[in-house]
Amino acid sequence: MTRPAVFLDRDGVLTELVPDPSTGTFESPLHPEDVALVPGVAAAAGQLARAGYLLVGVTNQPAAAKRTVPLAVVEAVQARVVALLAADGVVLDSWRICLHHPEGTDPELGRACDCRKPAPGLLLDAARDLDIDLASSWMIGDTDSDVQAGKAAGCRTFLIEVARSAHKRTALVTPDRRAPDLAQAVTVLLSGGADC
Ligand SMILES: [Mg+2]
Ligand SMILES: [Zn+2]
C-alpha cells in the first residue's frame, strides 16, 4: 500500500537562512553553530505526521562539492538540524541529500547528477524506497527549484515565500499554493483548503 508524503526542503523552510558574507545574500547555514529552526516547524511537522503523511527532508547541500567547507562540516550541520528537530519531538521518516554540484571542484562530488533539485531524483528515490504515492504528496520549499522538483516528480507544490530567499524565486514557476511559512502551509493543507 502506498502512502502520501510531504517532502520538506531544509534551508529556509525548516532552518533559518544565514547571511553569506561573500555574496551579501542569505544562504544555507554552513556551520553547526549557525543552525536555528524556524519557530513552529516542529509542531507543524508533527501535525503532518499525525495526519498520516510520511515526512521526507529533501535538500541540496553543495558546499563540500564546491570545497567551501569539508564534507564532515556539511554532515555536522545536517546532524545539528536532526538533533534540534528531535529535541522538539520530530523525527523525519527519511532525509535525502544531494551533495553534488555540476561546477564543484571536489573530484568526487563536483559533477552533474540526477538528484540536485530542480531534478526530481531525491523525491523519486524516496518514493521508491518508502512506497510513496507521489500524486497525493506535496513538495514544500522556498525556491523555484523546489517547485520544479516537486512538479517533475508528480507532486503538488507549496511555495514558502520567506523574504530571505526572494532572490531564488521568480514568476517563472507556478506552485499550487503559497504561504509565508511552514506552519501556515500545514494549516491550509490539513484543513483541506489545499485540495480545492
Ligand atoms: Mg530552501
Ligand atoms: Zn546530486
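Check the entry above for the structure.
Read on for an overview of the structure. Note that the coordinates shown come from a computational prediction; the quantities given were computed from them, not determined experimentally.

Parameters at a glance
Residues numbered from 1 in each chain as written. Chains lettered and ligands numbered in written order. Predicted model: local features only at pLDDT ≥ 70, side-chain atom pairs only at ≥ 80, totals over all residues. Heavy atoms only, no water. Pairing = 2+ DSSP bridges. Helix = DSSP H or I, 4+ residues; strand = E, 2+ residues; numbered from the N terminus. Axes fitted to C-alpha atoms, helices over the stretch in contact; angles between N-to-C directions. Contact = heavy atoms within 4.5 Å. Buried < 20%, exposed > 50% of the residue type's maximum accessible area, 1.4 Å probe, protein only. Donors = N, O, S within 2.8 Å, 3.2 Å for Na, K, Ca; no water. Tetrahedral: all angles 85-135°; square planar, octahedral: opposite > 155°, others 65-115°. Salt bridge = Lys/Arg side-chain N within 4 Å of Asp/Glu carboxyl O.

**So, the sheet that holds strand S6 (residues 138-141)**
Moving on, step 1. One open sheet accounts for six strands, arranged S5-S4-S1-S6-S7-S8; its pairing is parallel. At either end of the open sheet lies a strand with only one pairing partner, and these are strand S5 (94-98) and strand S8 (177-179). Averaged over all pairs of adjacent strands, the angle between their axes in this sheet comes to 20 degrees, without regard to strand direction.
Moving on, step 2. The pairing of strand S4 (residues 54-60) with S5 spans five bridges and is classified as parallel. Looking at the pairing, Val-58 lines up with Arg-96 of S5.
Moving on, step 3. Against the sheet, helix H5 (residues 182-190) touches strand S1 (5-8), S6, strand S7 (156-160) and S8, its axis set at about 145 degrees to S7.

**Remarks on unusual backbone geometry**
Moving on, step 1. Omega for the bond connecting Lys-117 with Pro-118 falls within 30 degrees of zero, at 25 degrees, which places this linkage in the cis form.
Moving on, step 2. Counting through the fold element by element, Pro-118 comes out in the loop between S5 and helix H3 (121-130).
Moving on, step 3. Of note in this structure, Arg-67 is not a glycine but carries a positive phi near 60 degrees.
Moving on, step 4. Positionally, Arg-67 belongs in the loop between S4 and helix H2 (71-87).
Moving on, step 5. Judged by relative accessible area, which is 54%, Arg-67 ranks as exposed.
Moving on, step 6. Positive phi, close to 55 degrees, is recorded for Asp-131, a residue that is not glycine.
Moving on, step 7. With respect to the helices, strands and loops of the structure, Asp-131 is situated in the loop between H3 and S6.

**Points about the coordination of the zinc ion (ligand 2)**
Moving on, step 1. Of the protein atoms, only Cys-98 (SG), His-100 (ND1), Cys-113 (SG) and Cys-115 (SG) coordinate the zinc ion (ligand 2), at distances of 2.1 to 2.3 Å.
Moving on, step 2. Because the angles between the four donor atoms bound to the zinc ion (ligand 2) fall within 101 to 117 degrees, the donor set is best described as tetrahedral.
Moving on, step 3. In the primary structure, the donors to the zinc ion (ligand 2) are separated according to the pattern C-x1-H-x12-C-x1-C. Here His-100 is found in the loop between S5 and H3, whereas its partner Cys-115 is found in the loop between S5 and H3, with 15 residues between them in sequence. In this pair, the class of His-100 matches that of Cys-115, namely buried.

**With respect to the pairing of S1**
Moving on, step 1. Neither face of S1 is exposed, since Ala-5 and Phe-7 on one face and Val-6 and Leu-8 on the opposite face are all buried.
Moving on, step 2. Where S1 and S4 come together, four bridges link them in parallel fashion. When the bridges of S4 are listed, Ala-5 appears paired with Leu-54.

**Points about the pattern of salt bridges**
Moving on, step 1. The full count for this structure, using the stated rule, is seven salt bridges.
Moving on, step 2. With a shortest N-O distance of 2.8 Å, Asp-146 and Lys-117 are connected by a salt bridge. In this pair, Asp-146 is assigned in helix H4 (residues 144-153) and Lys-117 in the loop between S5 and H3, connecting sequence segments 29 residues apart. Comparing Asp-146 with Lys-117 shows no difference in burial state: the two are buried.
Moving on, step 3. With a shortest N-O distance of 2.4 Å, Arg-128 and Asp-125 are connected by a salt bridge. In this pair, Arg-128 and Asp-125 both sit in helix H3, three residues apart, roughly one turn of the helix.
Moving on, step 4. Classification of Arg-128 by relative accessible area gives exposed; the value is 58%.
Moving on, step 5. You can call Asp-125 partly exposed: its relative accessible area is 33%.

Coordinates in, geometry out; function isn't part of it.
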